[in-house]
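An overview of the molecular structure
So you can see what is in the structure, the chains are spelled out below.
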Amino acid sequence: MAVQLDEIDVRLLKELETDADRPNVELARIVGLSPAATLNRVRRLKETGVIRRITARLNSATAGFGLQVYVLATVQHTPAAEKRFNAEVLAMNNIISADTVAGETDALLLIVAHDVADLHVVLSRLSTRGGAQRLITLLRLAELKPSSPLPVQATSVQSRRGA
């Protein structure tokens, strides 16, 4: 189901992606609507799934996680093995992002760890309990480009509830 976005929706989305902590009154002033109309628009964008959630972005290094690594995981292609791997990934707090991918690997994970010993525990658990057949670890050295706002335009976007 496509959700139609007008110019005001697009401005609201860009402002919220830049700073979701700003008060509704300030958002209303920026987009030129009343606070009530702005609140209703934001509520509609949430209900239709355009806005999945509003969160804070933490600085992993400042929060004590000195290592960030990407892990490419290969899993045996059976329903039981995939279910076991997926359950293990979901259960591990150090895995802060995980996607199933196509290509030479099956999953791309973003893992944070306090140190090498902490990372070793996570990787061992993926291999033993999760049943990963192959893990390729890529150490994240520096941020090249921070997560950027979605380049929405006044047309339509695909509604994906719960995604």
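Not measured: the values here are computed from a predicted model. (Residues numbered from 1 in each chain as written. Predicted model: local features only at pLDDT ≥ 70, side-chain atom pairs only at ≥ 80, totals over all residues. Heavy atoms only, no water.)

A short note on the sheet that holds strand 2 (residues 67–75)
Spatial strand order, 3-4-2-5: four strands in an open sheet with antiparallel pairing. Two strands bound the open sheet, and with one partner strand each, they are strand 3 (95–100) and strand 5 (132–139). Between one strand axis and the next, the sheet turns through 20° on average, direction left out of account. Note that strand 3 and strand 4 (residues 107–113) share five bridges and pair antiparallel. The residue of strand 4 that forms the bridge with Asp 99 is Leu 108. Contacting strand 2, strand 3, strand 4 and strand 5, helix 4 (residues 79–91) crosses the sheet at an angle of about 165° to strand 2. Across the sheet, helix 5 (residues 116–128) lies against strand 2, strand 3, strand 4 and strand 5, angled at about 145° from strand 4, the strand it touches most. (Pairing = 2+ DSSP bridges. Helix = DSSP H or I, 4+ residues; strand = E, 2+ residues; numbered from the N terminus. Axes fitted to C-alpha atoms, helices over the stretch in contact; angles between N-to-C directions. Contact = heavy atoms within 4.5 Å.)

Quick look at a nonpolar patch on the surface
Residues Tyr 70, Val 101, Leu 108 and Leu 138 make up a contiguous nonpolar surface patch of about 280 Å² in total accessible area. On the secondary structure map, Val 101 appears in the loop between strand 3 and strand 4. (Patch = residues over 30% accessible without salt bridge, like charges linked within 9 Å, V, L, I, M, F, W, Y side chains within 5 Å. Areas by Shrake-Rupley, 256 points an atom, 1.4 Å probe, with all protein chains shown as cover. Salt bridge = Lys/Arg side-chain N within 4 Å of Asp/Glu carboxyl O.)

Regarding the nonpolar core
Phe 85, Ile 95, Leu 109, Ile 111, Leu 119 and Leu 126 are the most contacted members of the largest nonpolar core, which totals 19 residues. If you list the elements that add at least two residues to this core, you get strand 2, helix 4, strand 4 and helix 5. If one sorts the elements of this core by residue count, strand 2 sits on top with five residues. Once residues within four sequence positions are removed from consideration, Leu 109 is found in contact with Val 69, Tyr 70, Val 71, Phe 85, Val 89, Ile 95, Ser 97, Ala 98 and Leu 126. Judged by nonpolar contacts, the second largest core, of twelve residues, contains Val 3, Leu 27, Leu 45 and Ile 51. (Core = buried A, V, L, I, M, F, W, Y, C linked by side-chain atoms within 4.5 Å. Buried < 20%, exposed > 50% of the residue type's maximum accessible area, 1.4 Å probe, protein only.)

A few points about the pairing of strand 4
Sheet faces and side chains relate simply in a regular strand, where the side chains alternate between the two faces. Among the seven residues that make up strand 4, six are buried, leaving the element largely enclosed by the rest of the structure. The turn linking strand 3 back onto strand 4 is made up of six residues, and Gly 103 within it adopts a positive phi angle of 130°.

What to know about helix 5
The end-to-end C-alpha distance of helix 5, which contains 13 residues, comes to 18 Å, matching closely the 18 Å that a straight helix rising 1.5 Å per residue would cover. The N-cap residue of helix 5 is Asp 115: its side-chain oxygen and the backbone nitrogen of Ala 117 are 3.2 Å apart. (Expected span 1.5 Å × (residues − 1). Polar contact = N/O pair within 3.5 Å; in protein donor to acceptor, adjacent residues only side chain to side chain.)

Brief notes about the side chain of Asp 9
Of note, Asp 9 is situated in helix 1 (residues 7–18). Once residues within four sequence positions are removed from consideration, Asp 9 is found in contact with Gln 4, Arg 41, Arg 44 and Leu 45.

Considering the confidence of the model for the chain
The predicted coordinates of low-pLDDT regions are not to be read in fine detail. Averaged over all residues, the pLDDT of the chain equals 92, while 94% of them reach at least 70. Counting contacts from residues 159–163, a segment whose pLDDT is below 50, to residues more than four positions away or on other chains yields seven contacts. (pLDDT = per-residue confidence, 0-100.)

Regarding the environment of Arg 134
Inspection of the secondary structure assignment puts Arg 134 in strand 5. Judged by relative accessible area, which is 49%, Arg 134 ranks as partly exposed. For the pair formed by Arg 134 and Ala 73, sequence separation is 61 residues and the distance between their alpha carbons is 5.7 Å. If near-sequence neighbours (up to four positions away) are discounted, Arg 134 is found in contact with Leu 72, Ala 73 and Thr 74.

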